[in-house]
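# Remarks on the overall topology
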Amino acid sequence: MLRKKMMTLALCITLLASVLTACGGGNNDKGQAASNGEASPDSSNSTDNPYKDPMTISLGFWDADAEIANIEKDPIAKQVLEKFNITLKPVNMTWDDYTQKIQMWAASGQLPDIFAIDAVGTQYQRKWVEQGVVKALPDLSKYPNLAKYFESPDIKGLGVDGKYYTVPRRMFPSVDWSALDRMVFYRWDLAQKAGITKEPETWEEFEAMLDAIVKSDPEGKHITGLTTTTTKMLGGFFWLYGNPVATSDGSGSDFKWIKEDGKFIPAVFSKNALPALKNMKNMYEKGLIDPDIALVKPAESYDNFVAGKAAALLSGGGFINLNSDMYEKRWKTAYPDKDIMESVKALKPLIGPDGERSHAIFKTYWSESYFSNKVDDKKMDRIMALYDYVLSPEGKDLLTYGIEGVDYKIENGQKVVIEKGSLNEKYPASRFLKNLAAYETSDSYNMDNPTIANEGIRKEAVDYIDWIQNNTKVPEYDIRLTYMSTPTKDKFTVLDHDDLLKIMLSKEPVESYWNSIVNDYKAKGLDKMIEEVNAKAKEQGIE
């Protein structure tokens with residue numbers, strides 16, 4: 001009898017628990033969300049889930065249509081967005097039109113909730129802040145990973161009157177790593193067919209190699225010399241001929257200053273500019289630069305290089321893009337039996353007329369996220385939570401290494417990759433989601449990191465940055481002058497890549513055309529800006 005009573009009591013407790021569970025808000029929420037077809041995170045079972053209401057966030061990003069379409073094919077990216085109950089709405093822009101589009105959207109009140117651009121220090125970025133076009137970040141103490149991210153000195157220094165208006169995308173721990181973001185790759189297999197036996201180390205040897213390839217045209221494809229994925233990158237290579245501090249990220253506002261003849265001047269206007277310009281023009285006139293370089297598109301440039309129609313390619317993104325845009329998208333289909341690293345070489349910084357091996361020099365971050373002033377506090381909180389997660393150790397591991405137990409395992413405290421295929425192909429939107437907050441590309445230059453899936457490319461990448469750090473020297477300049485604000489400097493831009501292109505294509509002698517360009521800058525206030533900066537530098541004790 002006692003045993004029967006105990007069984008009855010246990011059954012009643014079980015039934016009561018089932019009823020209470022069925023009446024709980026969590027299950028109701030989940031069922032409703034599912035019936036509406038809305039994203040429903042596991043945590044939505046909790047009544048205090050801050051993300052229980054679905055939210056659509058518009059995003060202006062390069063090729064946003066394609067990137068966001070890939071989310072449906074990527075279980076990890078879907079998992080992250082479902083965690084925050086976010087649907088991303090693409091607002092497309094391209095590498096050719098993003099600056100113009102964003103300025104137009106800002107002027108017409110049509111900015112997407114989040115947009116990406118390289119605008120720090122530009123006149124329009126200052127106007128966006130002054131006019132309230134962009135929304136300030138909230139108190140970051142609620143977002144610990146984001147708050148920690150802002151402790152880096154060059155990111156912390158971006159505050160305006162105690163507020164931040166942007167989240168910059170950090171790439172590198174130091175400017176030495178900038179070498180990876182303006183790289184020239186060349187077809188070593190075609191160079192060898194053209195009779196070249198030594199990899200180039202000087203500008204003269206590089207020219208000789210291009211000349212041999214173009215003239216012999218080993219595959220009969222009317223091959224041209226050097227091309228690029230975008231003309232914005234021209235300065236990142238041609239200024240390295242004796243004027244490396246002039247290298248710019250293309251934003252127009254990151255020009256660096258050197259001291260010449262007793263005063264600070266933008267390095268672009270150094271006396272070393274003319275030899276660099278003449279060297280570039282000489283290469284163009286010899287037919288060693290793609291005659292259609294002014295019209296290049298990124299995809300077309302990669303296609304031409306891989307197809308053997310261009311001997312060399314100036315591109316950004318270093319070995320990461322070599323792996324994804326060149327190897328995975330093109331090379332392994334075109335040449336399934338040919339090891340890419342036996343056919344394609346990365347050009348090491350060439351010995352210039354000053355005897356130095358110089359590489360491009362940028363900030364440690366490139367491009368930033370901004371947020372429209374029409375984003376309300378609730379949406380801003382959701383965006384910050386997403387960014388905070390992407391920057392967290394958990395988020396970084398998930399978006400970089402994939403799923404633990406499936407793509408990698410932990411052994412002796414170290415991650416060991418299990419998945420031998422490309423995570424970029426398996427999770428085609430994860431890299432985009434990671435890049436939304438920060439590039440952190442230096443993390444990829446590690447043999448244990450699977451971002452560069454092709455192990456041959458990964459090995460070259462690790463060796464290359466080791467070589468850079470041991471064999472190159474960053475020339476002296478004071479970054480405080482780049483960030484310095486003066487009335488004229490705040491409105492001044494130096495679009496050196498446009499100037500280089502004009503000189504390259506012009507029929508005028510280099511010196512006279514360059515003088516006319518400098519005079520145009522003078523008409524826009526160059527001398528006044530130099531005067532203001534030198535006066536302020538003196539006040540601040542900058543020598």
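Not measured: the values here are computed from a predicted model.

## What to know about the sheet that holds strand S1 (residues 55-62)
Across the sheet, five strands lie side by side as S2-S1-S3-S11-S4; this open sheet has mixed pairing. Single-partner strands in this sheet number two, and they are strand S2 (86-93) and strand S4 (167-170). The average undirected angle you get between the axes of adjacent strands in this sheet is 25 degrees. Of the strand pairs in this sheet, S1 and strand S3 (residues 114-117) are connected by two bridges, and their pairing is parallel. In the sheet register, Gly60 faces S3, and the bridge partner there is Phe115. Its contacts with the sheet put helix H16 (residues 377-391) on S1, S2, S3, S4 and strand S11 (365-371), and the angle it makes with S1 is roughly 60 degrees.

## What to know about unusual backbone geometry
In this structure, Asp161 is a non-glycine residue whose phi angle is positive, near 50 degrees. As for its placement among the helices and strands, Asp161 is situated in the loop between helix H8 (153-156) and S4. Relative accessible area serves as the criterion here: at 77%, Asp161 is assigned to the exposed category. Even without being glycine, Ser367 reaches a positive phi, approximately 70 degrees. Counting through the fold element by element, Ser367 comes out in strand S11. A residue is classified by how much of its surface remains accessible, and Ser367, at 1% relative accessible area, is buried.

## Overview of the sheet that holds strand S10 (residues 344-346)
Taken together, four strands build an open sheet; the order of strands is S6-S9-S5-S10 and the sheet is mixed. The outermost strands of the open sheet, each flanked by one partner alone, are strand S6 (224-228) and S10. When the angles between neighbouring strand axes are averaged without regard to direction, this sheet yields 20 degrees. Pairing of strand S5 (residues 183-187) with strand S9 (residues 310-315) involves four bridges; the strand directions are antiparallel. Bridge assignment links Met183 to a residue of S9, and that residue is Ser315. Helix H10 (residues 203-216) contacts S5, S6 and S9 of the sheet and is inclined by roughly 135 degrees relative to S9.

## A look at the confidence of the model for the protein
Overall, the prediction assigns the protein a mean pLDDT of 90, with 91% of residues at 70 or greater. Every residue in residues 1-45 is under pLDDT 50, and counting partners more than four places away or in other chains gives 23 contacts.

## Considerations on the pattern of salt bridges
In this structure the tally under the stated criterion is 33 salt bridges. Among the ionic pairs, Asp53 bridges to Lys378, the shortest N-O distance being 3.2 Å. Residue Asp53 is found in the loop between helix H2 (25-36) and S1, and its partner Lys378 is found in helix H16; the two are separated by 325 residues along the sequence. Accessibility expressed as a relative area gives 36% for Asp53, which makes it partly exposed.

## Observations regarding the packing of helix H12 (residues 273-285) against helix H22 (residues 496-505)
The geometry of H12 relative to H22 is characterised by a closest axis approach of 9 Å and an angle of 50 degrees between their N-to-C directions. The angle between H12 and H22 places the two elements in the oblique class. Here H12 and H22 pass one another in a crossing that is right-handed. In this structure, H12 uses Leu277, Met280, Lys281 and Tyr284 to contact H22, whose residues at the interface are Leu500, Ile503, Met504 and Leu505.

What counts and how
Residues numbered from 1 in each chain as written. Predicted model: local features only at pLDDT ≥ 70, side-chain atom pairs only at ≥ 80, totals over all residues. Heavy atoms only, no water. Pairing = 2+ DSSP bridges. Helix = DSSP H or I, 4+ residues; strand = E, 2+ residues; numbered from the N terminus. Axes fitted to C-alpha atoms, helices over the stretch in contact; angles between N-to-C directions. Contact = heavy atoms within 4.5 Å. Buried < 20%, exposed > 50% of the residue type's maximum accessible area, 1.4 Å probe, protein only. pLDDT = per-residue confidence, 0-100. Salt bridge = Lys/Arg side-chain N within 4 Å of Asp/Glu carboxyl O. Parallel < 35°, antiparallel > 145°, perpendicular 65-115°, else oblique. Left-handed = near helix turned anticlockwise from the far one by under 90°.

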